[in-house]
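# Residue-level structural notes
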Amino acid sequence: MSTLSARGKGFANAGKIREQYEEIWANVYDVNTNPSGTINLGTAENYVMLNAVTAYINDHINFKGTDVNYGEGPWGSLRLRKAFAKHMDKYFKPHRPVASDDILASTGCTSICEMLGFSLFEPGEGLLLSRPIYQAFQEDFGLLKCIFVPSKGIDQFSMDAIKCYQEAIKESEAKGIKVRAILLCNPHNPLGRCYEPDALVEYMKLCQKYEIHLIVDEIYALSVYKIPGNSNSGPLPFKSILSFDTAQYIDKEYLHVLYGFSKDLASGGLRLGCIWTQNSSLVDSLSAQAFFNQPSNLCETIGISILENDDWLDKFVATSQKRLAECSMVARSLLDEYGIGYNRGASAGFFLRIDLRQFMMKDVDSITWDHERAFQLLLKKHKVYVTDGEGLSSEVPGFFRLCYVKHEAEVRLGLERLHEALSEAGTTGMAEELDEVRMT
Ligand SMILES: Cc1ncc(COP(=O)(O)O)c(C=O)c1O
């Protein structure tokens, strides 16, 4: 008999999360110390900038006694919130200056999503998300119902896709599921694209019309890059939702923006993120929950120092964007060599969405989610990990997310291992792995 609550059992039964990730996160490939470890091309981290952050911390931070006390409050010290506001003023070009009172800091966007789930939704109410989408939102939002909106062949970054969301709202409500919010990820994970400005306006108007919240995750705002040779009519640049005169389109109670250190500032381990919102009762609600998610005072001190250091930050962002472009070009040319298709229009984030269908099976239309799961088992055997499409709520099986912001030799070897797995899939038809999948 279980000793857990229904909620606790729900989490326990959601899959053996530690078994799943220990091989990937704890048996990490290293050319010298662990060459037989797993090459992780599935976690979205800015690996090529990690050393720049630690070098900064080692050079600039000298902790004092008050850095290890409880600090100023679990919503983030005034100095940290002012530093986030200044950062957004500088890089997001907001229509109105960002006020530190409208910011609440937390231990990353993950915690903020969980708190938003608590504060905005009754259990079972709906959150609309694109498909594919960053795999963890589903867990982050806990008890509510994630509804993944198919774009049915429409460019989901354009205004044309709004009608898919409108239909999803109506269909959900017809099934008795009240939709409470739309979450947009801009720039998008995993597609690496930015939303058209007109589309952002339409999303605001749609949310206003249905009196639902619009949550915009801008965690990749500065992780944008240009691929030389891409024409001017190429990918759209990032435009923050804060750069609009949003009051024209949506009441301030309904609009919320997420940001953090994990991507643009290459420091997911700092566990620092924030929400911008002008909904004062939401701020009260999040502040009360913030006691469970208080950022470490030490990490606040590091975060403040980084955000206040304009010169260093400008150089860091410029170097990061240059390296992201270089890494993307390496990944693209390797994928071209292997004849693997990918979304060439991507211009943001640390990933490309790769199409492995033709390698997994000749008849691509017969590929099922079981095939995708079987291929993931094969990848495990070949000691390489890429994120599967099922986890990303893809519309069809066979697409994976390749995170390539790593040193070239590792990406090269990872793709070699991936290619070996694909060859094996082609020869064996993954019979053994399919049996394993069907037994579990
Ligand atoms: C779109 C998106 N939002 C949020 C997160 C998680 O952010 P944090 O590390 O701040 O919890 C991620 C991490 O991959 C992400 O890709």
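Note that this is a predicted model, so its numbers are computed, not measured. (Residues numbered from 1 in each chain as written. Predicted model: local features only at pLDDT ≥ 70, side-chain atom pairs only at ≥ 80, totals over all residues.)

The environment of the ligand is made up of 13 residues, and the closest members are Gly108, Cys109, Thr110, Gly260 and Ser262. No other element matches the three residues that helix H5 (residues 108-120) contributes to the shell around the ligand. Counted by class, the shell around the ligand contains five nonpolar, seven polar and one charged residues. (Near = placed C-beta within 6 Å. Helix = DSSP H or I, 4+ residues; strand = E, 2+ residues; numbered from the N terminus. Nonpolar A, V, L, I, M, F, W, Y, C, P; charged D, E, K, R; others polar.)

Along its sequence, the protein chain is carved into domain 1 (6-52 + 314-439) and domain 2 (64-309). Taken over C-alpha atoms, the centre of domain 1 sits 25 Å from the centre of domain 2. With 30 residues of domain 1 at the interface, the matching set in domain 2 holds 25 residues. Among the secondary structure elements, those contributing two or more residues to the side of domain 1 that touches domain 2 are helix H11 (310-338) and strand E10 (351-355). Broken down by element, the side of domain 1 that touches domain 2 gets its largest block of residues, seven residues, from H11. Per-class residue counts for the side of domain 1 that touches domain 2 are 13 nonpolar, 13 polar and four charged. (Domains from an automatic or database assignment. Contact = placed C-beta atoms within 7 Å.)

Our focus in this paragraph is the packing of helix H7 (residues 162-174) against helix H8 (residues 197-210). Here H7 crosses H8 at 20°, and the two axes come no closer than 10 Å. One finds that H7 runs roughly parallel with respect to H8. Viewed along their axes, H7 and H8 form a crossing whose handedness is right-handed. Note on element contacts: H8 touches H7 through Ala199, Glu202, Tyr203, Leu206 and Tyr210, opposite Ile162, Tyr165, Gln166 and Ile169. Considered class by class, the residues forming the contact of H7 with H8 number seven nonpolar, one polar and one charged. (Axes fitted to C-alpha atoms, helices over the stretch in contact; angles between N-to-C directions. Parallel < 35°, antiparallel > 145°, perpendicular 65-115°, else oblique. Left-handed = near helix turned anticlockwise from the far one by under 90°.)

With that out of the way, let us pick up helix H14 (residues 408-428). The terminal C-alpha atoms of H14, which comprises 21 residues, lie 30 Å apart, in line with the 30 Å expected from a rise of 1.5 Å per residue. Among all positions of H14, only Val411, Gly414, Leu415, Leu418, Ala421, Leu422 and Ala425 are buried. Along the axis of H14, the buried positions cluster into a sector of 115°, meaning they face one direction only. Residues of H14 that are exposed and angled more than 90 degrees away from the buried face: Ala409, Ser423 and Thr427. (Expected span 1.5 Å × (residues − 1). Buried ≥ 20, exposed ≤ 12 C-beta atoms within 10 Å, placed from the backbone. Arc of directions from axis to C-beta.)

If you look at the biggest cluster of nonpolar residues, it comprises 124 residues, and the most contacted ones within it are Ile182, Leu214, Leu402 and Tyr404. Split by domain, this core shows at least three residues from each of two domains, domain 1 (6-52 + 314-439) and domain 2 (64-309). (Core = buried A, V, L, I, M, F, W, Y, C linked by C-beta atoms within 7 Å.)

Attention shifts here to unusual backbone geometry. Residue Arg131 is joined to Pro132 through a cis peptide bond whose omega torsion reads 0°. Its location among the elements puts Pro132 in the loop between strand E3 (126-130) and helix H6 (137-140). Across the junction of Asn189 and Pro190, the peptide omega takes the value 20°, indicating a cis bond. On the secondary structure map, Pro190 appears in the loop between strand E5 (179-185) and H8. A positive phi angle, near 50°, is found at Lys152, a position not held by glycine. Mapped onto the secondary structure, Lys152 falls in the loop between strand E4 (145-149) and H7. Here the phi dihedral of Ser393 falls at roughly 55°; this positive angle occurs in a residue that is not glycine. For Ser393, the position within the fold is in the loop between strand E12 (387-388) and strand E13 (399-403). Classification of Ser393 by C-beta neighbours within 10 Å gives partly exposed; the count is 19.

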